[in-house]
Amino acid sequence: SLGTSNDKILSGKHLLITAGPTREPLDPVRYISNHSSGKMGFAIADMAVKAGADVTLIAGPVNLPTPDGCKRIDVTTADEMLVACEQAVSQCDIFVATAAVADYKAVQVAENKIKKIGDELTLTFVKNPDILATIATRTDKPFCVGFAAESQDVELYARGKLKNKKLDMIAANDITADGLGFNSDNNALHVIWDDGDKHLPATTKPKLAEALLLLIANRFNSKNIV
Ligand code: CTP
Ligand code: CA
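Residues numbered from 1 in each chain as written. Chains lettered and ligands numbered in written order. Predicted model: local features only at pLDDT ≥ 70, side-chain atom pairs only at ≥ 80, totals over all residues.

Participant: I'd like a description of the overall build of the protein chain, backed by residues and values.
Facilitator: Check the secondary structure of the protein chain and you find five helices and twelve strands. At 18 Å, the protein chain has a C-alpha radius of gyration in line with the 17 Å of a compact globule built from 226 residues. The buried share of the protein chain, taken over its 226 residues, is 40%. Sequence-distant contacts, at least 24 apart, represent 61% of the contacts inside the protein chain between residues at least 6 apart. (Helix = DSSP H or I, 4+ residues; strand = E, 2+ residues; numbered from the N terminus. Rg over C-alpha atoms; globule rule 2.2 N^0.38 Å. Buried ≥ 20, exposed ≤ 12 C-beta atoms within 10 Å, placed from the backbone. Contact = placed C-beta atoms within 7 Å.)

Spelled out as structure tokens, the structure:
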């Protein structure tokens, strides 16, 4: 457990958490997005508050109640999520990026509703900012935790992201595993850092959030002992 009232593992720590999908407009009535539910990020926010942390939750469009005691900021696009994170990051010790950020946005949002003309439609997209990588390259970078939802070569891709994005820890999950991950109530994670790793077996997202926060707190403390 995360501790009793006088023994809270994240007391005095400020966590910044991104959650849910982002939604990228195409025209005044349409967008592209993904099936992220936000449940994992919201469970982490809830458990972090219970562990004594001061929590800022930056949420994309999701259908979830705000966990008690956390500060929630709602955003729509990846650009907005980055701005919200940059505004909150300087006071934060730990950044947990669970959001399924859209990798691309329309190169330009059509001013008017796109009409149904012709048998094919081609739209051009441009890469969105990488929020986690941007935060992790700041000089005042917090302890950075990424997520990697993969459908193949899970550990290989996760280790690549740990290194390339200069993360302190990454939580990988295999989205092909039965009934786990995206939009599900359960998940399993393979948590990896530079000199260790731990498999957190399939369970509910709140229980997984608790186990992950324990790993984060331990690793954060061992890195910050002077
Ligand atoms: N992430 C982010 N901003 C983005 C893309 C990803 O902050 N524009 C974060 C996610 O929140 C997650 C981590 O980076 O914590 C990995 O996201 P993922 O989509 O798995 O990695 P990508 O770098 O986008 O690579 P790909 O989608 O090609 O696997
Ligand atoms: Ca991606």
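Participant: Break down the pairing of strand 6 (residues 94-97) for me, citing the residues and quoting the values.
Facilitator: Burial along strand 6 is two-sided: Ile 94 and Val 96 facing one way and Phe 95 and Ala 97 facing the other are all buried. For strand 1 (residues 14-19) and strand 6, the ladder comprises four bridges, and the chain directions are parallel. Considered in strand 6, the bridge of Thr 18 is made with Ala 97. In terms of strand pairing, strand 6 meets strand 9 (residues 143-150) through four bridges, oriented parallel. In the sheet register, Phe 95 faces strand 9, and the bridge partner there is Cys 144. (Pairing = 2+ DSSP bridges.)

Participant: So what's going on with the packing of helix 1 (residues 39-50) against helix 5 (residues 205-223)? Residues and values would help.
Facilitator: Two elements in contact, helix 1 and helix 5, have axes separated by 8 Å at closest approach and are oriented at 60°. Classed by the angle they form, the pair helix 1 and helix 5 counts as oblique. For helix 1 against helix 5, the interelement crossing comes out right-handed. In this structure, helix 1 uses Lys 39, Met 40, Ala 43, Ile 44, Asp 46, Met 47 and Ala 48 to contact helix 5, whose residues at the interface are Lys 205, Pro 206, Ala 209, Glu 210, Leu 212 and Leu 213. (Axes fitted to C-alpha atoms, helices over the stretch in contact; angles between N-to-C directions. Parallel < 35°, antiparallel > 145°, perpendicular 65-115°, else oblique. Left-handed = near helix turned anticlockwise from the far one by under 90°.)

Participant: Kindly report on the sheet that holds strand 12 (residues 196-204), identifying the contributing residues and their values.
Facilitator: Across the sheet, eight strands lie side by side as 5-4-1-6-9-10-11-12; this open sheet has mixed pairing. The strands lining the two open edges of the sheet, one partner per strand, are strand 5 (71-74) and strand 12. Here the strands of the sheet are splayed against their neighbours by 15° on average, with no regard to which way each runs. For strand 10 (residues 169-174) and strand 11 (residues 186-193), the ladder comprises three bridges, and the chain directions are antiparallel. From the neighbouring strand, Ala 171 faces strand 11, where its bridge partner is Val 191.

Participant: Any details on the UniProt feature "binding site: CTP" (unreviewed entry) in the protein chain? Residues and values, ideally.
Facilitator: The positions that UniProt labels "binding site: CTP" (unreviewed entry) are, in the present scheme, Asp 103, Lys 113, Pro 129, Asp 130, Ile 131, Leu 132, Phe 147, Lys 161 and Lys 165. Spatial dispersion of the annotated residues is evident: they stretch over 63 residues in sequence, and the largest pairwise C-alpha distance comes to 37.5 Å. With respect to the element layout, Lys 113 can be found in the loop between strand 7 (104-106) and strand 8 (125-127). Excluding anything up to four places from it in sequence, Lys 113 contacts Asp 27, Pro 28 and Val 29. Residue position: Lys 165 is located in the loop between helix 4 (154-164) and strand 10. Leave out the neighbours within four places in its chain, and Lys 165 touches Leu 132, Ala 133, Ala 136 and Gly 146. (UniProt positions renumbered as here; feature names shortened; annotations may be inferred.)

Participant: Tell me about the site of ligand 1, and please be specific about residues and values.
Facilitator: Taken together, 15 residues lie near ligand 1, and Ala 97, Val 101, Ile 131, Leu 132 and Gly 146 sit nearest. Of all the secondary-structure elements, those providing two or more residues to the shell around ligand 1 are helix 3 (131-136) and strand 9. At four residues, the largest contribution of residues to the shell around ligand 1 is made by strand 9. A per-class count over the shell around ligand 1 returns nine nonpolar, three polar and three charged. (Near = placed C-beta within 6 Å. Nonpolar A, V, L, I, M, F, W, Y, C, P; charged D, E, K, R; others polar.)

Participant: Please give an account of the pairing of strand 1 that cites residues and values.
Facilitator: Burial analysis of strand 1 places five of its six residues in the buried class, which makes it a mostly covered element. Relative to strand 4 (residues 54-59), strand 1 runs parallel, the two sharing six bridges. Note that in strand 4 the partner of Ala 19 across the bridge is Ala 59.

Participant: Go over the nonpolar core, please, and point to the residues and values.
Facilitator: Counting residues in hydrophobic clusters, the biggest one holds 62 residues, and the most contacted among them are Ile 17, Ile 44, Ala 48, Leu 212 and Leu 213. No other element matches the eight residues that helix 1 contributes to this core. (Core = buried A, V, L, I, M, F, W, Y, C linked by C-beta atoms within 7 Å.)

Participant: So, helix 1: which residues are in play, and what are the values?
Facilitator: With twelve residues, helix 1 extends 16 Å between its outermost C-alpha atoms, agreeing within 8% with the 16 Å of an ideal straight helix rising 1.5 Å per residue. Residues of helix 1 that are buried sit in contact with strand 1, strand 4, strand 6, strand 11 and helix 5. (Expected span 1.5 Å × (residues − 1).)

Participant: I'd like a description of the confidence of the model for the protein chain, backed by residues and values.
Facilitator: Of the residues in the protein chain, 96% reach a pLDDT of 70 or more, and the chain-wide mean stands at 94. Across the whole predicted complex the pTM is 0.96, and at the interface the ipTM reaches 0.99. (pLDDT = per-residue confidence, 0-100.)

Participant: Give a detailed account of unusual backbone geometry, specifying residues and quantitative values.
Facilitator: At Asp 153, a residue that is not glycine, the phi angle is positive and equals roughly 40°. The topology assignment puts Asp 153 in the loop between strand 9 and helix 4.

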